[in-house]
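# Structural description and commentary
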Amino acid sequence: MWRSVGMAAVDGAGDADLLGRLTREYLGGVAVRTASFSVESVANHLAVSEVVAKVFRHSIAALHPPSPRHTLSWAKALLKVFESNGHEAGELYEIVAESAAGAASEWHYRSFCPSDDPALLDDAAWWVSLRESTSMISGGTTGLSSWGAASALAEWASANSEQLAGRTIVELGCGPGLVGLAAARGCSPSSVVLTDGAEMVLDLARSNVEQNLARWRGVAPVRVEALDWTRPTTLAGGLILAADVVYDPSLIDPLADALVSMLHRPINDVHADSPKAIIGCTERNASTWQAFQDALIARKLRVVKLELPPATLFPRDAAALIHILQLTVAS
């Protein structure tokens, strides 16, 4: 569950904007105590019936529900402020009772709509839903839940969809599949390949791909493949995406070698330019972060730091130091 969210405050926004933000943050797994708006503003501007119908009873929540604990915390907080304002809140009592009775699980869903069109928020066919572990480390891997840089890279992709349209996209270290699936749903690529090196992670990604494609129509094909950075690969992509792959110093050289190999491989898609990679990185350790940049430069890659877009569609940790890098082969 996200503990803070890098979104601009919206207490002064219109009712529709507030409802949209509430929907995105609840379904996206943002903790109620760190929402980008006050729960009091919800009681001041929205009706109980509207909140229940559009948020808690959203069609995507029915298909792929957030954890009962998450729902309970949101419902109790909203119930308190609605009743303090003198509103009848019987429908919220129902949500509280249902979520309190829900069984605890090590798995939950987080859902995201990769479009800023308010008309699409009610359409389950436009949402990316991810089954994830509730623990950041589970089964001996960190790849069973999405990390902050994945949200930032998905945001970048949505804000720059014209750069992904018609591209063959390969995601490295895909985890549950947030970046690649967000690109497939919202950016009109020609194809998407999600890759990872851990079989447990690949199984989760395959499951998430299958359940999302079952709801979507008219999107590019998406497949999942194993990729070991320490071994040669013939996999190629016009655009390589990777998020939160720079955390283990022992993996820096294999990762850099894999990027070099893929960036040097010609690809036939609608874009005439050479392949490029967009990497989202959370800087947790300064020396590891610097070692990664040094490895890229030593391999004669051109590294350009891109602007980090504001979090409007994909909530993320506001305190994290996240970088977006563009990599190309130096001429």
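Preceding this paragraph is the structure being described.
This section reports on the structure supplied with the text. Residue numbering note: each chain is counted from 1, following its sequence as written. At least 70 in pLDDT is required for a residue's local features to be given in this predicted model, at least 80 for side-chain atom pairs to be given and counted, and no such filter applies to totals for whole chains, interfaces and linings, which use all residues. As a rule here, side-chain values come from all non-hydrogen atoms in the structure, and water together with hydrogens is ignored.

## What to know about the overall build of the protein
Under the scheme used here, helices are H or I runs from DSSP no shorter than 4 residues and strands are E runs no shorter than 2 residues, and both carry numbers assigned from the N terminus. Regarding its fold elements, the protein presents 11 helices and 9 strands. Within these notes, the globule rule equals 2.2 Å times the number of residues to the 0.38 power, and the radius of gyration is based on C-alpha atoms. Here the C-alpha radius of gyration of the protein, 20 Å, is about what a compact globule of 331 residues would show, namely 20 Å. The cut-offs for exposure are 20% and 50% of the maximum accessible area for each residue type, with area from a 1.4 Å probe on protein chains only; residues under the lower value are buried, those over the upper are exposed, and the others partly exposed. Burial analysis of the protein (331 residues in total) assigns 55% to the buried set. We call two residues contacting when some pair of their heavy atoms lies within 4.5 Å. In the protein, once contacts between residues fewer than 6 apart in sequence are set aside, the share between residues at least 24 apart is 75%. Accessible areas in this description were obtained via Shrake-Rupley with a 1.4 Å probe; residue shielding takes into account the shown protein chains only. Here the protein displays about 13900 Å² of accessible surface, and carbon together with sulfur accounts for 52% of that area.

## A word on the pattern of salt bridges
Put simply, a salt bridge is a Lys or Arg side-chain nitrogen that is within 4 Å of an Asp or Glu carboxyl oxygen. Under the defined criterion, the tally for this structure stands at 11 salt bridges. The partner of Glu225 in a salt bridge is Arg223, and the shortest N-O contact between them spans 2.6 Å. Residue Glu225 is classed as partly exposed on the basis of its relative accessible area, which comes to 25%. What makes Arg223 partly exposed here is its relative accessible area of 41%. Residue Arg284 is joined to Asp244 by a salt bridge in which the shortest nitrogen-to-oxygen separation is 3.2 Å. Note that Arg284 is positioned in the loop between strand S7 (276–282) and helix H11 (286–298) and Asp244 in the loop between strand S6 (239–243) and helix H10 (252–263), a separation of 40 residues in sequence. The exposure class of Arg284 is partly exposed, given its relative accessible area of 45%. Judged by relative accessible area, which is 11%, Asp244 ranks as buried. Connected via shared salt-bridge partners are Arg57, Glu94 and Glu98.

## Considering the side chain of Thr282
With respect to the helices and strands, Thr282 occurs in strand S7. For Thr282, a relative accessible area of 10% translates into the label buried. Within the structure, the side chain of Thr282 is placed 3.0 Å from the side chain of Asp244, a separation counted as a polar contact. Beyond its immediate sequence surroundings of up to four residues, Thr282 is in contact with Ala149, Asp244, Val246, Ala320, Leu321 and Ile322. What qualifies as a polar contact is a pair of N or O atoms within 3.5 Å, subject to a donor-acceptor requirement within protein and to the restriction that residues adjacent in sequence count only when both atoms come from side chains.

## Examining helix H5 (residues 68–84)
Given 3.6 residues per helical turn, the α-helix brings residues three or four places apart onto the same face. Residue count minus one, scaled by 1.5 Å, sets the expected span of a helix. End to end, H5 covers 24 Å across 17 residues, agreeing with the expected 24 Å (1.5 Å per residue, within 8%). By the burial criterion, the buried members of H5 are His70, Thr71, Trp74, Ala75, Ala77, Leu78, Leu79, Val81 and Phe82. Buried residues along H5 sit in contact with helix H1 (15–27), helix H2 (39–45), helix H3 (48–56) and helix H6 (90–100). After H5 finishes, the residue Gly86 shows a positive phi value of roughly 80 degrees.

## Section: the layout of surface pockets
Using only the protein atoms, space was sampled on a 1 Å grid; points where a 1.4 Å probe fits but cannot get out form cavities, open sets with protein on both sides within 12 Å along at least five of seven lines form pockets, and lining residues are those with an atom within 4 Å of a point. Grid points are joined across faces, edges and corners, and a volume is the space filled by probe spheres set on the points. In this model, the second largest pocket occupies a volume close to 540 Å³. Lining the second largest pocket are 29 residues, with Thr142, Gly143, Gly173, Asp196 and Tyr247 positioned closest to its centre. Looking at the lining of the second largest pocket residue by residue, the class counts come to 15 nonpolar, 9 polar and 5 charged. Put simply, Ala, Val, Leu, Ile, Met, Phe, Trp, Tyr, Cys and Pro go in the nonpolar bin, Asp, Glu, Lys and Arg in the charged bin, and everything else, Gly too, in the polar bin.

## Comments concerning the sheet that holds strand S3 (residues 168–172)
Any two strands with at least two DSSP-identified bridges between them are counted as paired. Strand order across the open sheet formed by 7 strands is S5-S4-S3-S6-S7-S9-S8, with mixed pairing between neighbours. On the outer flanks of this sheet lie strand S5 (222–226) and strand S8 (301–306), each paired with one strand and no other. The mean inter-strand angle of the sheet, taken between neighbouring strand axes irrespective of direction, is 20 degrees. For S3 and strand S4 (residues 191–196), the ladder comprises 4 bridges, and the chain directions are parallel. Paired with Val170 across the two strands is Val193, which belongs to S4. Fitted lines through C-alpha atoms give the axes, limited to the stretch in contact for helices. The angle between two N-to-C directions lies from 0 to 180 degrees. Running at roughly 175 degrees to S5, helix H9 (residues 199–213) makes contact with S4 and S5 of the sheet.

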